[in-house]
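# Working through the structure, step by step
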Amino acid sequence: MKRVAALAICGLVAGAAVALAAPGPRYRIGFANLTDDPGTKIEATGFTGDLVRESFVLAVRELPVDLVLYDNHGDPHRAIANAETAVRDHVDLFIEYNDDPSANASVAAIMTKAGIPVLAINYPVPGAPLYTADDGEAGRIAGEALAESAVRDWDGHPLLGLIVGDWQRGAARLDARAAGVRAGLTRRLKTLRIVKIAPADLGRVASGNPGAKLLVATMSDPLALAAKQTLEAAGRAGDAVIVGQGLDPSIHGGQSDRREIDPNNRGSIVFGSVAFYLDRYGYEVLPLALAVLRGERVPARTATRHVLVTASTVWREYPPTDLQ
Amino acid sequence: MRLVRIAATLALVLALAAPAFAQGDAACKNFVAPSPFGPTDQTGATNRVTPAVTKAAAAEIQEGKAIPMSFILKDGVPLFGTRFSKTVLTAHSLAPGGAFGENQVTYMEDTWLSQSHVGTHLDGMGHIGIRDCYYNQTQMGKFITQNYITKLGLENLKSFATRGVLVDIVRYYQSQNKLRSNAACTKPCLDKGTVISAADIQGALKMTNTTLREGDIVIIHTGWGNLFEQFPKQNAVFSSGEPGPGKEAARWLADQKVVAVGADTWGVEVLPNEDPKEAFPVHPILLTNNGIHIIENVRTDLMADEVARTGRATFFFYMSVPRAYGLTGNFVGIDGIR
């Protein structure tokens, strides 16, 4: 049976290789990024928009696609102007990454009029397939990981769940993430007390609950690193575990650039982060775009496959490719 | 009767041993291809450097001109990951009273504390595997000691005295009007992440009317080595990625039955590579599955200038590799002789 499956996979791979090798149509795809600014963090994670852009540039290398890049600058007016430019640029398909619903409705109207199909990233564009992060699922994964850790290491101890977020930033996303964390924690720890707090309150809450082991879910990786420092300063690092969200470059690195989640740092209280792969959006979205252009059926919603990444799995998920 | 019993036993032993011998370590059959040089081979593609190949390569020496193709190994050059290379000079003989004899002979020597894959260096068969499966389906875990490998070490190498072929991808990209350089390069270079295809290599070869032949060593000039030359100023850029052949080009090179593939980059292959979920995929294609050596950080600019000036891309490849026992690779010196 395994052999049959392996042969089937080989067949699929061979088919894909043939498809790649065969001369076919070449497409012109426009991608309007939320922002290209390397200083602006997006989606309440530690990722920046330039990494999303770079992922498209890298992913397109082996595809029959000429990529036309636009920068929405986080500005709805710019997003509409970019859509109009893309029509003039005669793109075959337009990928819109813009967080303003009203502007997205305008973009949909512009593209419909021009007969250009659209793919949306993270924020719906009317009538367009959506590729999106699944914040609730990411939160659930973090919550379950924290709960499993507690069951394994702290069975019988008093426990306190802490969800730490900068709640003003990306409120809807963070609420979904937090709800997911709560669901994940309580699946195994049904009576766990869970408190949603701001980063500034972590030290006080940790000190105020001296008998409790702390299960800390932070809404991003920078917050996970900050939480670790806060708990160390409060003398509570030995009573806490932390899981972040994002797996952005602030928390994992390469061969030289040792960071918190690293095979050589397996004892960290930041034992994992849930990967959002914003730096691989190009690899996920461009194949969907090609499927649309080939007239294939594309799901209305495709979600990121979030996974918990730890020191043991980080180089499998993110093989080091640089010396940094 | 006794003879019959011995013969039967012998037949049984042979029957049991032969398939295992022919197929390499069974646990590695699913991960690594068998060697094209036979089930016991530990040498790899230097098997292709036959006397006839070396003799033919000698015809490349027309002027007797030796062109350096290795970088000087010195403090501050970029090193992969946590690698280090340090020397400690022993010069006590120069201290007063340290000289020997009436003729006052003095001496100095060095202690070289270094990892082997530093500077311009050769990757041996013991360098890269899939899981613990290495070249020729060798289950490497059985052959590791604290100090060295007991199989596939550099002592198994044959000669590299063969024809070298410089493939100038920079010039080819310029001719195709598709060179996208990096601002940190002071001479034209391909930018990191640029996937060099088999067609690119073939196009560059065509520019010098060169046809690869079995036993050649292919050296790819991407211009990225210019950043190495600027050490330590551009170490961060140099290390952040590189242009290089992708998997398709690597398979094509393997099909040409070359001995080694080198480049003026730290990993020879394109980085970031085509699939972000894979690590260094060209390495196992060349080394692990085909026994083809990889030579990293080759200095290519001088030879590229020579090739551009003369239109001839071939040279006698002169490289010495210390045959220290059980090494996975080593720092090398290379000259291209024309």
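Residues numbered from 1 in each chain as written. Chains lettered and ligands numbered in written order. Predicted model: local features only at pLDDT ≥ 70, side-chain atom pairs only at ≥ 80, totals over all residues. Heavy atoms only, no water.

## Points about the overall build of chain B
Looking only at helices and strands, chain B features nine helices and 15 strands. Once the C-alpha set of chain B is aligned to its principal axes, its extents read approximately 80 × 65 × 45 Å. The buried share of chain B, taken over its 338 residues, is 51%. In chain B, the share of contacts with a sequence separation of at least 24, taken over all contacts with a separation of at least 6, comes to 79%. Taken as a whole, chain B presents about 15400 Å² of accessible surface, with 56% of it coming from carbon and sulfur. (Helix = DSSP H or I, 4+ residues; strand = E, 2+ residues; numbered from the N terminus. Buried < 20%, exposed > 50% of the residue type's maximum accessible area, 1.4 Å probe, protein only. Contact = heavy atoms within 4.5 Å. Areas by Shrake-Rupley, 256 points an atom, 1.4 Å probe, with all protein chains shown as cover.)

## Let's talk about the confidence of the model for chain B
For chain B, the average pLDDT comes to 92, and 93% of its residues sit at 70 or higher. Across residues 10–23 of chain B, confidence stays below pLDDT 50; counting only partners more than four residues off in sequence or on other chains, it has six contacts. (pLDDT = per-residue confidence, 0-100.)

## Quick notes on the pairing of strand β7 (residues 162–168) of chain B
All names here are of chain B. Within β7, seven of the seven residues are buried, leaving the element largely enclosed by the surrounding structure. Where β7 meets strand β13 (residues 314–320), four bridges bridge the pair, whose relative direction is antiparallel. Its bridge partner being in β13, Val 165 is matched across the sheet by Thr 314. One ladder, built from five bridges, connects β7 with strand β9 (residues 217–221); its direction is parallel. Considered in β9, the bridge of Gly 164 is made with Ile 217. (Pairing = 2+ DSSP bridges.)

## Some remarks on the interface of chain A and chain B
Each partner contributes residues to the interface: chain A has 17 residues there, and chain B has 21 residues. Surface buried jointly by chain A and chain B totals about 1600 Å² across both partners, of which 59% is contributed by carbon and sulfur atoms. Our count for the contact surface shared by chain A and chain B stands at four residue pairs in polar contact (both at pLDDT 80 or more). Only α9 (281–293) and α10 (314–317) of chain A provide two or more residues apiece to the side of chain A that touches chain B. (Buried area = accessible area lost by both parts, 1.4 Å probe. Polar contact = N/O pair within 3.5 Å; in protein donor to acceptor, adjacent residues only side chain to side chain.)

## Focus on the sheet that holds strand β9 (residues 240–246) of chain A
All names here are of chain A. Taken together, six strands build an open sheet; the order of strands is β7-β6-β8-β9-β10-β12 and the sheet is mixed. Because the sheet does not close on itself, it has two edges, and the strands there are β7 (193–197) and β12 (308–310). With direction set aside, neighbouring strand axes in the sheet form an average angle of 25°. Pairing of strand β8 (residues 213–218) with β9, which is carried by four bridges, proceeds in the parallel orientation. Note on β9: the bridge partner recorded for Leu 215 is Val 241. Where helix α6 (residues 171–188) meets the sheet, it contacts β6 (159–164), β7, β8 and β9, and its direction lies at approximately 160° from that of β7. The sheet contacts of helix α8 (residues 221–233) involve β6, β8, β9 and β10 (270–275), and relative to β9 the element is tilted by about 160°. (Axes fitted to C-alpha atoms, helices over the stretch in contact; angles between N-to-C directions.)

## Focus: the domain arrangement of chain A
All names here are of chain A. Taken domain by domain, chain A holds domain 1 (25–133 + 279–293) and domain 2 (135–275). Computed over C-alpha atoms only, the centres of domain 1 and domain 2 are separated by 32 Å. Contacts between domain 1 and domain 2 engage eleven residues on the former and twelve residues on the latter. When domain 1 packs against domain 2, close to 880 Å² is buried across both sides, 54% of that on carbon and sulfur atoms. For the pair domain 1 and domain 2, the number of links is one salt bridge. The salt bridge partner of Arg 173 is Glu 43, with a shortest N-O separation of 2.6 Å. At the boundary of domain 1 and domain 2, one finds five residue pairs in polar contact (both at pLDDT 80 or more). Classifying every residue of the side of domain 1 that touches domain 2 by side-chain character gives five nonpolar, four polar and two charged. (Domains from an automatic or database assignment. Salt bridge = Lys/Arg side-chain N within 4 Å of Asp/Glu carboxyl O. Nonpolar A, V, L, I, M, F, W, Y, C, P; charged D, E, K, R; others polar.)

## Looking at the pattern of salt bridges
Side-chain pairs of opposite charge can arise whenever the charged atoms involved come near each other. In this structure the tally under the stated criterion is 28 salt bridges over all chains. In the salt-bridge network here, residues are joined through shared partners; they are Glu 43, Asp 135, Arg 173 and Arg 177 of chain A.

## Re the packing of helix α4 (residues 198–207) of chain B against helix α7 (residues 247–255) of chain B
Residues and elements named next belong to chain B. It is the contact of α4 with α7, at a shortest axis distance of 7 Å, that shows an interaxial angle of 55°. With respect to α7, the axis of α4 lies oblique. On α7, the residues touching Ala 198, Ile 201, Gln 202 and Leu 205 of α4 are Glu 248, Ala 249, Trp 252 and Leu 253. A class-by-class count of the residues in the contact of α4 with α7 yields six nonpolar, one polar and one charged. (Parallel < 35°, antiparallel > 145°, perpendicular 65-115°, else oblique.)

## What about the side chain of Thr 132 of chain A?
Within the secondary structure, Thr 132 of chain A sits in strand β5 (residues 130–132). Setting aside its immediate chain neighbours within four residues, Thr 132 of chain A contacts Asn 122, Arg 173, Arg 301, Thr 302, Ala 303 and Thr 304 of chain A.

## Some details on the nonpolar core
In globular proteins that are soluble, nonpolar side chains generally tend to be buried together. In terms of nonpolar packing, the biggest core is built from 84 residues, with Ile 95 and Tyr 97 of chain A touching the most fellow members. Examining the composition of this core, we find that nine residues originate from one element, α9 of chain A, more than from any other. The contacts of Ile 95 of chain A, once residues within four sequence positions are left out, are Ile 29, Gly 30, Phe 31, Ala 32, Phe 56, Leu 119, Ile 121, Val 285, Leu 286 and Ala 289 of chain A. Listed in part, the 38 residues of the second largest apolar core include Met 140, Leu 212, Ile 220 and Ala 254 of chain B. (Core = buried A, V, L, I, M, F, W, Y, C linked by side-chain atoms within 4.5 Å.)

## A word on the pairing of β6 of chain A
On any regular strand, side chains alternate: one points to one face of the sheet, the next to the other face. All names here are of chain A. Among the six residues in β6, five count as buried, and that is most of the element. Relative to β8, β6 runs parallel, the two being bridged by six bridges. Its bridge partner lying in β8, Leu 159 is registered against Lys 213. Note: β6 against β7, five bridges, orientation parallel. Each residue of the ladder has a partner; that of Val 164, found in β7, is Ile 197.

## Focus on the state of the cysteines
The tally for this structure, following the rule as stated, stands at two disulfides over all chains. Taking only the cysteines that form disulfides and numbering them from first to last, chain B has the pattern 1-2, 3-4. (Disulfide = S-S within 2.5 Å.)

## As for the side chain of Arg 177 of chain A
Mapped onto the elements of the fold, Arg 177 of chain A is located in helix α6. In this structure Arg 177 of chain A comes out as buried when scored by relative accessible area, which is 0%.

## Re the environment of Thr 111 of chain B
All names here are of chain B. If you trace the backbone, Thr 111 turns up in strand β3 (residues 109–114). Judged by relative accessible area, which is 37%, Thr 111 ranks as partly exposed. Taking C-alpha positions, Thr 111 is 8.3 Å from Lys 86, a pair spaced 25 residues apart along the chain. Setting aside its immediate chain neighbours within four residues, Thr 111 contacts Lys 86, Thr 87, Val 88 and Thr 90.

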